[in-house]
Number of protein chains: 2
Amino acid sequence: MTRYQHLATLLAERIEQGLYRSGERLPSVRSLSSEHGVSISTVQQAYHLLEDRQLISPQPRSGYFVTHRKAQPPVPPLTRPVQRPVEITQWDAVLEQLSAREERQMVPLGSGNPDVSQPTMKPLWRELGRIAQYQNPELLGYDSLYGMRALRQQISRLMLDSGCVVNSDDILITNGCHEALSIAIRAVCEPGDIVAVESPSFHGTMQMLRAYGVKVVEIPTDSVTGISVEALELALEQWPIKAVILVPTCNNPLGFIMPEARKKAVFCLAQRFDIAIIEDDVYGETAYEYPRPMTIKSLDIDGRVLLCSSFSKTLSPGLRVGWIVPGRYLDRALHTKYIGTGSTGTIAQYAVAEFIRNGHYHRHLRRMRQIYHRNLEEFTCRVRQYFPCGICVSRPQGGFIMWVEMPENIDLVPICCALREQGIQMVAGSLLSASGKYRNCLRLNYALPFDAALEAALRTTGEALGHVLENA
Amino acid sequence: MTRYQHLATLLAERIEQGLYRSGERLPSVRSLSSEHGVSISTVQQAYHLLEDRQLISPQPRSGYFVTHRKAQPPVPPLTRPVQRPVEITQWDAVLEQLSAREERQMVPLGSGNPDVSQPTMKPLWRELGRIAQYQNPELLGYDSLYGMRALRQQISRLMLDSGCVVNSDDILITNGCHEALSIAIRAVCEPGDIVAVESPSFHGTMQMLRAYGVKVVEIPTDSVTGISVEALELALEQWPIKAVILVPTCNNPLGFIMPEARKKAVFCLAQRFDIAIIEDDVYGETAYEYPRPMTIKSLDIDGRVLLCSSFSKTLSPGLRVGWIVPGRYLDRALHTKYIGTGSTGTIAQYAVAEFIRNGHYHRHLRRMRQIYHRNLEEFTCRVRQYFPCGICVSRPQGGFIMWVEMPENIDLVPICCALREQGIQMVAGSLLSASGKYRNCLRLNYALPFDAALEAALRTTGEALGHVLENA
Ligand SMILES: Cc1ncc(COP(=O)(O)O)c(C=O)c1O
Ligand SMILES: Cc1ncc(COP(=O)(O)O)c(C=O)c1O
């Protein structure tokens, strides 16, 4: 971030926190300049940026004032799913969401795509070019069932940042986090078993559970602190639950990072009830805070945590490079990997390994964290501007997914259909519930750089929501 | 093939067929030269080649004679598996075989690796280089669940050669044939079901069946004509079989190509008993005959055939690019693809699509067919030379896998272990049986170019077999 962007972020936070109140006059350019030890023009640039974002407005000959605007919408309250084992439905809705991948001209507000357009991605192409040049015949043969050692070594190093000390032989490379989760579930569960999940939770995982004949108990989840430990404990007492599946760091779709104490509490519960934890860390490295938060896996003294992740959200989903650290389930995981895909493609693996080894990955991550954080600010601003009052909006602590909640009597499923007709890909919250709850919610992607099309899509969406709210 | 290689092949065939008999004098160089319209030196080169292969030997001042040697060993008789539903074991043996992938210095006589060292592979690296250069951002995003259209179009064209007219929307791209088979089995079977398989049959498929709780009935299979249609019919009458799984073209491990009439007979049986056919065509394009044999899928008027294949045996297994044409099971296949891996990596897909589109694939295939055919001749020659009498040896019609059978009382599993200690990767036939039969058999890979190490490995193996036969 440049100096003026830094200053603008600081001022925006003060406005957010109410230190400068709606309609209040902001400090003069001169006083800010001396307060922060920056030049006059830096302050002016910062003010212009905030003006662009409609946070402040200039008044002739009297300086800048905080814009009169709607208050920050509240965050969604604790969710209240049905707390008994249910079977999962929603495949049709998932398939519909997937089909949007083929319609490239749509504004992908409902997608899970990261931004792959940043210049820090370029070295990945260079690594690929080098692979094409060196023509290493080993890349053409069957890879080890575990995946390439060079990549596993890099991953074991990356995992140190989340507090995990694992050996490269504890890691299995997979085709994205999808295959990692799919392996984890089959390593732990039998058909007829019950697992506990956050609510809402990632639709991909739920479709896997459905296919393997596993039922879920959806646990109430807070949009700031994550799964309710108390509700989880009650569920564990009541049902013969085999495992709990969590996205504890930069959750999809709620955006929370579970506080460390809660992660510990969940781990202790897992020990007490002797269940496995499937920890989906696919967004973990996109946390806005630095250094990144620890994983539950880092507490795992008895091998009960199966950590699943990939480079899909940090680098590129098209690569399909992910991994699982299956703990004591390694043997079953290996067998499941073998019968699913045999081994993983070598070329993407090697390109990523070299990308990390040559220092490009950390540089890229640093940039993406900043970009997503800034996008969030811009996006929140627009949501506040265009969306009606009376909604709740999540405050993500990482990643690029926002959750919007409307009053419970409102059904957004038909609205999403109508928006799709208008070229806006949109996902209703019910996709992310086993029992089809959250029809009153939306999941929004803010990974993409802001442009006129995105702005227009948000405005159209906001109008549609306003409409449905008026007629409710 | 050059002219002299062509002539040598022709003469070798005549010797094989007994037209020139053991100890008999061959035509003079001059007479062959005029008979075939080639130069004297071409005939001399051909004779030198045959001499190198120890098929003929020169005698001073009297020309070339057919070497006194052991007769061509007979092909293995019809197999006789247990013909009732059994559960599959052998995972430990599979894992052991897989671990050899990591030991690069071993002579991979038991592997399923193709030869990836030929110059016709080079353009694949060039296509990869072009991808690195053009930096198409679409390759970085999530691919369609079906796979890249450009590749599916090329595959639908390739399939015309096997008599199949399918649309690119009938094809799903997978991570190798492994994922294709895994999807096919789950699309057709439920746990507790029974399927019929060839015996012996590919261990990967059997491990999948085991994992999904499916039992198999192993059907007697002929090393020249394939699965016994009569025995299959009996089994279908006797058991509630859901599907039959076949590798009908260039079978692994027996090397047969089922005659067209038999393929038709199997399809008719499937119709009569209303079962599905899972057709594994992964070696289909390596048939030595040209044009390539038709698939059972080409007869499929009611969508009951699930065709599975990949570029692993024709191009490179490291790419992990395969496909399934699931017929009427498309919806279930899509769901199974989604919950297994989400979608397939884009870069390898695109490189292969371009490789085919630019005409490199057909050129490469043509070369590989010739090379494997020539390797087979050389390999058979060495097997005859080094291996003891009293064995049966398959006569593959495509691919690069040979099957050797010893008397039934002999156990080769400990021999294989001992050979591995000596740096020779070796697979006993029991790997390829659900019930652990075929401990008296070996599966040999002849894809690799002949060199001193391979020659030594074959000699060592032959000695070990001779030893065990003497002591039996
Ligand atoms: C929480 C979560 N887990 C897993 C995945 C799947 O990741 P991948 O693309 O690596 O398979 C996603 C992607 O949408 C996700 O949001
Ligand atoms: C008969 C057969 N089917 C399928 C496969 C798996 O192919 P792929 O490497 O494309 O997964 C093999 C490879 O060994 C095979 O021999």
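If you're wondering where the values come from, they're calculated on a predicted model, not measured in any experiment.

### A closer look at the overall build of chain A
- Each helix and strand counted, chain A has 15 helices and 14 strands in total.
- The C-alpha radius of gyration of chain A comes to 23 Å, within 12% of the 23 Å expected for a compact globule of 472 residues.
- Dimensions of chain A, computed from C-alpha atoms along their principal axes, come out at roughly 75 × 55 × 45 Å.
- Looking at the 472 residues of chain A, the share that counts as buried comes to 62%.
- Residue pairs in contact within chain A that sit at least 24 positions apart in sequence constitute 76% of those at least 6 positions apart.

### A word on the pattern of salt bridges
Residues and elements named next belong to chain A.
- One pass over the structure, following the stated rule, counts 38 salt bridges over all chains.
- A salt bridge links arginine 420 to glutamate 96, with the nearest nitrogen and oxygen atoms 3.1 Å apart. Taken as a pair, arginine 420 in helix α14 (residues 413–421) and glutamate 96 in helix α4 (residues 91–99) lie far apart in primary sequence, 324 residues in all.
- On the basis of relative accessible area, arginine 420 is assigned to the buried category, the value being 19%.
- Between lysine 337 and glutamate 179 there is a salt bridge, with the nearest N and O atoms lying 3.0 Å from each other. On the criterion of sequence distance, the pair formed by lysine 337 in helix α11 (residues 330–340) and glutamate 179 in helix α7 (residues 176–188) is long-range, its members being 158 residues apart.
- Linked through salt bridges whose partners overlap, the residues forming this network are Arg149, Arg152 and Asp169.

### Thoughts on the interface of chain A and chain B
- Taken residue by residue, the interface counts 61 residues in chain A and 61 residues in chain B.
- Between chain A and chain B, the buried area comes to about 5,400 Å², and carbon and sulfur atoms account for 62% of it.
- Where chain A packs against chain B, one counts 24 residue pairs in polar contact (both at pLDDT 80 or more).
- For the side of chain A that touches chain B, the secondary structure elements donating two or more residues are α4, α5 (122–134), α7, α8 (203–211), α11 and α12 (346–357) of chain A.
- Counting residues per element, the side of chain A that touches chain B draws most heavily on α5 of chain A, at seven residues.
- Partitioned by chemical class, the residues of the side of chain A that touches chain B number 26 nonpolar, 24 polar and 11 charged.

### Brief notes about the site of ligand 1
- Taken together, 15 residues surround ligand 1, and among them Asn252, Asp280, Ser310 and Ser312 of chain A together with Tyr142 of chain B come closest.
- The residues that come close to ligand 1 belong to more than one chain, namely chains A and B.
- Burial of ligand 1 by the surrounding chains reaches 97%, relative to a free accessible area of 400 Å².
- In terms of residues, the shell around ligand 1 owes the most to one element, α7 of chain A, which gives four residues.
- For the shell around ligand 1, the class distribution of residues is seven nonpolar, five polar and three charged.

### Section: the pairing of strand β9 (residues 305–310) of chain A
All names here are of chain A.
- With six of six residues buried, β9 lies mostly within the body of the structure.
- The side-chain alternation of β9 yields two buried faces, one formed by Val305, Leu307 and Ser309 and the other by Leu306, Cys308 and Ser310.
- Pairing analysis gives four bridges linking strand β8 (residues 276–280) to β9, with the strands arranged parallel. The partner of glutamate 279 across the bridge, within β9, is leucine 307.
- Sheet analysis places β9 next to strand β10 (residues 322–325), joined by four bridges and oriented antiparallel.

### Observations regarding the side chain of histidine 335 of chain A
- Take histidine 335 of chain A: it is sitting in helix α11.
- Ignoring any residue separated from it by four or fewer positions in sequence, one finds histidine 335 of chain A in contact with Trp91, Gln207, Arg210 and Ala211 of chain B.

### What about the pairing of strand β12 (residues 401–405) of chain B?
All names here are of chain B.
- Of all five residues that make up β12, five are buried, and the element is covered over most of its length.
- Of the two faces of β12, the one lined by Ile401, Trp403 and Glu405 and the one lined by Met402 and Val404 are each fully buried.
- Bridge count between strand β11 (residues 392–393) and β12: two bridges; the pairing is antiparallel. Across the sheet, residue valine 393 finds its bridge partner in β12, namely valine 404.
- Bridge count for β12 against strand β14 (residues 441–445) is five bridges, and the pairing is antiparallel. If you follow tryptophan 403 over to β14, its bridge partner there is arginine 443.

### Side note on the sheet that holds β14 of chain B
Residues and elements named next belong to chain B.
- Overall, antiparallel pairing links the four strands, which are arranged β11-β12-β14-β13 in an open sheet. The open sheet has two free edges, formed respectively by β11 and β13 (427–428), since each of these has just one partner strand.
- Lying on the sheet, helix α13 (residues 360–386) is in contact with β11, β12 and β14; it crosses β12 at an angle near 20°.

### Some words on unusual backbone geometry
- Here the residue pair asparagine 252 of chain A and proline 253 of chain A is connected by a cis peptide bond, since its omega of 10° sits within 30 degrees of zero.
- Along the chain, proline 253 of chain A turns up in the loop between β7 (241–246) and α10 (260–272).
- Of note, the amide linkage connecting tyrosine 290 of chain B to proline 291 of chain B takes the cis form, showing an omega dihedral of 0°.
- The topology assignment puts proline 291 of chain B in the loop between β8 (276–280) and β9 (305–310).
- Backbone geometry at aspartate 274 of chain A places phi at a positive 50°, although glycine is not the residue there.
- As for its position among the elements, aspartate 274 of chain A is in the loop between α10 and β8.
- For cysteine 250 of chain B, which is not glycine, the phi torsion reads 60° and is therefore positive.
- Relative to the elements of secondary structure, cysteine 250 of chain B occurs in the loop between β7 (241–246) and α10 (260–272).
- On the basis of relative accessibility, which here comes to 1%, the residue cysteine 250 of chain B falls in the buried class.

### Some remarks on the relation of the copies chain A and chain B
- In the superposition of chain A on chain B (RMSD 0.2 Å, axial shift 0.0 Å), the rotation amounts to 180°. The transformation just described matches what one would write down for a two-fold rotation axis. Closest approach to the rotation axis among the C-alpha atoms of chain A is made by glycine 129 of chain A, whose C-alpha sits 2.5 Å away.
- Take the interface residues of chain A: 100% of them recur as interface residues in chain B, which is what a same-surface contact looks like.

### A short note on the nonpolar core
- Leu109 of chain A together with Leu109 of chain B are the most contacted members of the largest nonpolar core, which totals 223 residues.
- Non-local contacts of leucine 109 of chain A, meaning those with residues more than four positions away in its chain, are made with Phe379, Ile424, Gln425, Met426, Arg443, Leu444, Asn445, Leu454, Ala457, Leu458 and Thr461 of chain A.
- In this structure, Leu140 and Val325 of chain A together with Cys164 and Leu319 of chain B belong to the second largest nonpolar core, which totals 68 residues.

Thresholds, definitions, all that
- Residues numbered from 1 in each chain as written.
- Chains lettered and ligands numbered in written order.
- Predicted model: local features only at pLDDT ≥ 70, side-chain atom pairs only at ≥ 80, totals over all residues.
- Heavy atoms only, no water.
- Helix = DSSP H or I, 4+ residues; strand = E, 2+ residues; numbered from the N terminus.
- Rg over C-alpha atoms; globule rule 2.2 N^0.38 Å.
- Buried < 20%, exposed > 50% of the residue type's maximum accessible area, 1.4 Å probe, protein only.
- Contact = heavy atoms within 4.5 Å.
- Salt bridge = Lys/Arg side-chain N within 4 Å of Asp/Glu carboxyl O.
- Buried area = accessible area lost by both parts, 1.4 Å probe.
- Polar contact = N/O pair within 3.5 Å; in protein donor to acceptor, adjacent residues only side chain to side chain.
- Nonpolar A, V, L, I, M, F, W, Y, C, P; charged D, E, K, R; others polar.
- Near = heavy atom within 4 Å.
- Areas by Shrake-Rupley, 256 points an atom, 1.4 Å probe, with all protein chains shown as cover.
- Pairing = 2+ DSSP bridges.
- Axes fitted to C-alpha atoms, helices over the stretch in contact; angles between N-to-C directions.
- Least-squares fit on C-alpha atoms with pLDDT ≥ 70 in both.
- Core = buried A, V, L, I, M, F, W, Y, C linked by side-chain atoms within 4.5 Å.

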